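What the coordinates show
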Number of protein chains: 2
Amino acid sequence: MTQRQTHSPIAVHKNSVATEDTGYVAGIDLGATNLRLALADMSGAVLARWDSSTAGVRGAEAVISLIKEGVESLLQKVSAPREALKAVAAGAPGITDVDAGIVIATSYLMGWRDVPLRALLEDAFNTPATVDNDVNLAAIGESWTGAAKGVRDFVFVAIGTGVGASLILNGSPYRGSAWAAGEIGYMLVPGTSGIPGDRGEPGALESMIGGEGIKAEWQNLWSAESTALPKGLTATQIFDHALAGDALAQTLLQQTARILAYAIYNMTLVLNCPLFVLGGGVGMHPALCSETQKMLEKLNMRTQPELAHSALGTDAQLMGALRLALDTAGSLRR
Amino acid sequence: MTQRQTHSPIAVHKNSVATEDTGYVAGIDLGATNLRLALADMSGAVLARWDSSTAGVRGAEAVISLIKEGVESLLQKVSAPREALKAVAAGAPGITDVDAGIVIATSYLMGWRDVPLRALLEDAFNTPATVDNDVNLAAIGESWTGAAKGVRDFVFVAIGTGVGASLILNGSPYRGSAWAAGEIGYMLVPGTSGIPGDRGEPGALESMIGGEGIKAEWQNLWSAESTALPKGLTATQIFDHALAGDALAQTLLQQTARILAYAIYNMTLVLNCPLFVLGGGVGMHPALCSETQKMLEKLNMRTQPELAHSALGTDAQLMGALRLALDTAGSLRR
C-alpha cells in the first residue's frame, strides 16, 4: 500500500501549443463545496485547471454561470476560441439520469430536484454534454487511468461526508433501474441500526463510517480520561492519531474498519468482484484501507477481494469527467 | 400474490408427434436429492419428463449413467432416435465455471470438486452441452417463461436447505469474476452473527433463513408452554401454522421475514433492481413472501422493489436448463 496522495496526480502539460484546428474537452466536477474544472486536448492530456468555491451558489443558473466563467478562463489560458471546445461532461453529487441528462436528486449543496443539467450545459457551450453521478465519474476515472486501470469488474467506494459506491461490471458502470445502484450509505450490517432513518437523513452505514458519523462517534466516546486529544477532531485527524498510537482513536479506526469490511464483504458476496477501490476524503486514508483489509481477511471469504485506495484522489471525478467528455466528443466524430 | 403452486406448471404436450427430422433438447436438473429431466422440441414445448432419486448415487460416472438412462427413456417415449437430440444443458447445485463447463465446488450431494460435467455430457450424448449453477438456471427459467418474463434486471433468491441468489443484469446472468456472484447465504445483516463461520458450513444468513436454520430455531424457541405444536416441524410446516394463527410460529415467520428483508434491502441498495423473485421450497411459501413485503415497506426505500414468488416452482431449474439447451442448439444452427 502506498502513502496517501497529498498533491494532485494530474500533470498539467504547460508547454502544449494550441493550433487553430486543435480540439478540447472540459471536465466538470460539481461538488458539495467546490467546483473544479479541467481542460484537456483530444488525447486526454490535461492542459489547464480552474477551481472555485460554490459557497453561496445555489440555483442551477448561478452554477452554470460559474461553470461558463471557468471554462472561458481555461480556453483563454490555452488561447483557444470557443469553437475549439468539442464536448463537456459533468458529475453531480446525486442520483443522475444519464440518458435524460437530468440530476434527479441531491442531498448536498443545492438540494436540486430534476435539474436538466445536460441541456443547460449544451445551451451554455453549444457543444454536446454528458452528465453522471460523481461517484460513477470517479470510478470511470480510476478505470481509465487510476487504481483500476484495465480491470473489468470492480467497485469504487467513496467515503467522505457521504458514503456511496459505483459498480463497474463488464467494463461499464452498472447504474440500476432508477439510476440508484451503489447507494450503500443505507446498508444494514451487524453493528448498524436495523431500522433505517428517514429518507434524506444519513443512512445506517453512512452514520457509522461517513466523515460526520465518525466525528460524532468520537465526541460520543470522548472523555478527558480516555484520551489527551481534543473533543473536536475530523475523521482523518482521528485516523492520523490512531496511527500515532492514541488508544481511543484506534478503537474508532477499528470500529470504522469493521463496519466497512462488513459492507465490502456483503458486496463481494453479491457481485463476486475482485477489486474494491476506496476513495473520498475519509476512504483515502491509508490507515482505514489497511485496517479494513485486515478485517476482511478475518471474514474468511472464498475469494478474498483486493482492496486498493484511489490513485487519483480528489481528481478521480475530474478525470472521469474528462474521459466521458472525450467519449462524448468521439462518439460524434464516428 | 397468488397461492403457492402445488403441482407442476410445465404442461406436457402428450399428443405431439415426432417425425424423423424433428429435433429435441434435454434439460437436466441435478439436485441435492433428485435428478429431474425434461425433453422438449425445438419450440420449447415439453414433451416428456423423467425423475429419479439420487440417493446413494455419488460419483460423476454414476450420475452420468443415471442421466443417460433417463434421456434414453425420454427419447423412447417420443419414439425418437438418439441423433434427434440436438443439445443438453444441466444445472448443478454449486459454483460452476460456465466457460470451462466445470462444476468447481458443491457442498451438496456429491461434494464434487472440479468435475468437467460439460465434457462428460458431450461424450455421453455426442451433442453440445452447457452447464450452469442451478440458481442461475432457475433465474433463466423465470426470465424465459415465469415470474420475471421480459424483465431486464432482477434477482432470483432461492431459499431451500441452502440460500443463494442469481443476478440477471441487462438481461443476462451476472456470474462474477470467480463464478460466485449471488452467494448471499453468507451475508451479514443486523440479527446475524458478525463472525462468519468456516467455509463449507452454513453461512450467517443461511443459518437464520435456510430450511435447516428455521427448523433449528424452532426447536430452540420451542417449549410445551409456548405452543401446542410438536417440536419437530419443517420450515414450511411452521409457516403453515403461522398462517393458521400459532403465536410461536408467527414469531419465527416474522424473524425470518425480517432477516430476508434486510438481505433484499441490501441487494436493492447495491443493484437498484426493480424485482426480486423468491423460489426454493422455503422461499416459495406465500406467507414468507407477504411478510417479507411488509417488512420491506417498513424499511422505507427510495425505490421499493417488487417481490414475487416463483411462477415455475420446482420446475424453474428444469425450464432454465431447457432454455439453455435450446440456446446451445440454436447457436450451432447459426
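Here the structure is a predicted model, which is why all the values come from computation and not from measurement.

Quick word on the nonpolar core
Of all hydrophobic cores here, the largest spans 104 residues; its most connected members are Leu271(A) and Leu271(B). The contact partners of Leu271(B), leaving out residues within four places of it in the chain, are Leu167(A), Tyr174(A), Gly176(A), Ala181(A), Val270(A), Leu271(A), Val155(B), Leu167(B) and Leu169(B).

A few points about the relation of the copies chain A and chain B
Here the second copy of the chain follows from the first by a rotation about an axis and a shift along it. Of the transformation placing chain A onto chain B, the axial shift is 0.0 Å and the rotation is 180 degrees, giving an RMSD of 0.0 Å. Taken together, the turn and the small shift mark the pair as related by a two-fold rotation axis. Interface overlap between copies: 100% of the residues of chain A at the interface are likewise at the interface in chain B, consistent with a symmetric, same-surface contact.

So, the domain arrangement of chain A
Many descriptions give the size of an interface as the accessible area lost when the pieces come together. Residues and elements named next belong to chain A. Segmenting chain A into domains produces domain 1 (24-139) and domain 2 (149-310). Each partner contributes to the interface: domain 1 provides 12 residues, whereas domain 2 provides 16 residues. With both sides pooled, the region where domain 1 packs onto domain 2 buries about 1,100 Å², and carbon together with sulfur makes up 64% of that total. For Arg-175, the salt bridge is made with Asp-132, and the minimal N-O distance between the two is 2.6 Å. Taken together, domain 1 and domain 2 are joined by 3 residue pairs in polar contact (both at pLDDT 80 or more). Broken down by secondary-structure element, the contributors of at least two residues to the side of domain 1 that touches domain 2 are strand E5 (95-97) and helix H3 (134-145). The element contributing the most residues to the side of domain 1 that touches domain 2 is H3, with 4 residues.

Brief notes about the pattern of salt bridges
For the coordinates displayed, the defined rule picks out 18 salt bridges over all chains. Between Arg36(B) and Asp51(B) there is a salt bridge, with its nearest N and O atoms 3.8 Å apart. Here the residue Arg36(B) occupies a position in strand E2 (residues 34-41), and Asp51(B) occupies one in strand E3 (residues 46-53), the gap between them amounting to 15 residues. Close ionic contact of Lys215(B) with Glu212(B) constitutes a salt bridge, the shortest N to O distance being 3.9 Å. On the criterion of helical spacing, the pair formed by Lys215(B) and Glu212(B) is a turn pair, its members being 3 residues apart in helix H5 (residues 211-221). A relative accessible area of 28% means that Lys215(B) is categorised as partly exposed. Among the ionic contacts, a cluster of salt bridges with common partners joins Asp29(A), Arg36(A), Arg49(A), Asp51(A) and Asp315(A).

How each quantity is defined
Residues numbered from 1 in each chain as written. Chains lettered and ligands numbered in written order. Predicted model: local features only at pLDDT ≥ 70, side-chain atom pairs only at ≥ 80, totals over all residues. Heavy atoms only, no water. Core = buried A, V, L, I, M, F, W, Y, C linked by side-chain atoms within 4.5 Å. Buried < 20%, exposed > 50% of the residue type's maximum accessible area, 1.4 Å probe, protein only. Contact = heavy atoms within 4.5 Å. Least-squares fit on C-alpha atoms with pLDDT ≥ 70 in both. Domains from an automatic or database assignment. Buried area = accessible area lost by both parts, 1.4 Å probe. Salt bridge = Lys/Arg side-chain N within 4 Å of Asp/Glu carboxyl O. Polar contact = N/O pair within 3.5 Å; in protein donor to acceptor, adjacent residues only side chain to side chain. Helix = DSSP H or I, 4+ residues; strand = E, 2+ residues; numbered from the N terminus.

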